[in-house]
Amino acid sequence: MARIHEKPANSACAAAHSPALELHELHKGFDSAEGRVEVLRGVSLSLPRGTSMALTGESGSGKSTLLHIAAGLEQADGGRISLAGQDMTRASDAAQAQMRRGQVGLIFQQFNLIPSLTVGANLAFQARLAGCHDAGFTERLAARLGLDGLARRYPEQLSGGQQQRVAIGRCLAARPALVLADEPTGNLDEATGDAVLSLMLALTAEAGAALLLVTHSPRLAARCDGRLHLRKGRIEASP
């Protein structure tokens, strides 16, 4: 079976030798009726390219908040974020947006496909935004994902597993340095979820991307290269 890894033809998609993601002493809190709630209390981690890391923890431990900050969807109160060797905390808003488009891919439990676009258009969407769409690469990626013959269908015509495969393909078609996945198999049955996760792990590794996977499942977490556990806003040894 052909591998999908290729040398990017566009600097927006280019890989660097630095870690895909580095977080240093991240802090984040929210105001509530009971007062200030500190969600992240000095979280640090480094995620090399080509590796996968599971992030586990109880509900409310800060997993999704950490993922959203890493993706640039939320701002940290303090600390430093480096994405593919570039300091996100010192970059302008415009520079941060450009880095996110070219270096970060997101995969969520809800699929988040665009219903008015075909499978083929959904697959190409993120790569076009990043300015690195390659039709041939996207076709080969679709074949690896088992989406042959589905390019002209719409999301509503697909099964849940097929929709999640499209979401993975949309993410990887832009060849990001970092893939962030928040419970990506949570809406799938166990067998389909296992198959989807296997593809996600294989394809991100082949593409030289780093994968940070938020999951409640110790079984799925064990399939990643490493595992971190978040408890009361701090990283601790996995239970």
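The rules behind the values
Residues numbered from 1 in each chain as written. Predicted model: local features only at pLDDT ≥ 70, side-chain atom pairs only at ≥ 80, totals over all residues. Heavy atoms only, no water. Patch = residues over 30% accessible without salt bridge, like charges linked within 9 Å, V, L, I, M, F, W, Y side chains within 5 Å. Areas by Shrake-Rupley, 256 points an atom, 1.4 Å probe, with all protein chains shown as cover. Salt bridge = Lys/Arg side-chain N within 4 Å of Asp/Glu carboxyl O. Lys, Arg positive; Asp, Glu negative; His and termini not counted. Charge placed at Lys NZ, Arg CZ, Asp CG, Glu CD. Helix = DSSP H or I, 4+ residues; strand = E, 2+ residues; numbered from the N terminus. Buried < 20%, exposed > 50% of the residue type's maximum accessible area, 1.4 Å probe, protein only. Pairing = 2+ DSSP bridges. Right-handed = clockwise from strand over helix to strand, strands pointing away. Axes fitted to C-alpha atoms, helices over the stretch in contact; angles between N-to-C directions. Contact = heavy atoms within 4.5 Å. Left-handed = near helix turned anticlockwise from the far one by under 90°. Nonpolar A, V, L, I, M, F, W, Y, C, P; charged D, E, K, R; others polar.

### Topic: a positive patch on the surface
So, point 1. On the surface, Arg41, Arg231, Lys232 and Arg234 cluster together to form a positively charged patch.
So, point 2. Tracing the chain through its elements places Arg41 in strand β2 (residues 35-47).
So, point 3. Its relative accessible area of 33% is what places Arg41 among the partly exposed residues.

### Some details on the pairing of β2
So, point 1. Summarising the sheet, strand β1 (residues 21-32) and β2 pair through 10 bridges and their orientation is antiparallel. Along β2, the bridge assignment pairs Phe30 with Val37.

### Some details on the sheet that holds strand β5 (residues 86-87)
So, point 1. The sheet built from 4 strands is open, its strands ordered β2-β1-β4-β5 with antiparallel pairing. Each edge of the sheet is formed by a strand with only one pairing partner; in this case those strands are β2 and β5.
So, point 2. Alignment of strand β4 (residues 78-83) against β5, held across 2 bridges, turns out to be antiparallel. Looking at the pairing, Leu83 lines up with Gln86 of β5.

### A short note on the pairing of strand β8 (residues 210-214)
So, point 1. For β8, a buried count of 5 out of 5 residues is recorded, marking the element as mostly surrounded by other parts of the structure.
So, point 2. The alternating pattern of β8 places Ala210, Leu212 and Val214 and Leu211 and Leu213 on opposite faces, both of which are buried.
So, point 3. In this structure, strand β3 (residues 52-56) lies alongside β8, joined through 4 bridges in parallel fashion. The residue of β8 that forms the bridge with Ala54 is Leu213.
So, point 4. Both strand β7 (residues 178-182) and β8 contribute to a ladder of 5 bridges, which runs parallel. In the sheet register, Leu180 faces β8, and the bridge partner there is Leu212.
So, point 5. Handedness of the β7-helix α6 (residues 190-206)-β8 crossover: right-handed.

### Brief notes about the sheet that holds β8
So, point 1. The sheet built from 6 strands is open, its strands ordered β6-β7-β8-β3-β9-β10 with mixed pairing. The sheet is open, and its two edges are formed by β6 (104-108) and β10 (234-236), each paired on a single side. Direction aside, neighbouring strands of the sheet carry axes that sit 25° apart on average.
So, point 2. Lying on the sheet, helix α5 (residues 160-173) is in contact with β6 and β7; it crosses β6 at an angle near 170°.

### Looking at the packing of helix α3 (residues 119-130) against α5
So, point 1. Close contact between α3 and α5 brings their axes to 6 Å; oriented N to C, the two are set at 35°. The handedness of the crossing between α3 and α5 is right-handed. Along its contact with α3, which presents Val119, Asn122, Leu123, Phe125, Gln126 and Ala127, the element α5 presents Val166, Gly169, Arg170 and Ala173.
So, point 2. Taken together, the residues of the contact of α3 with α5 sort by class into 6 nonpolar, 3 polar and 1 charged.

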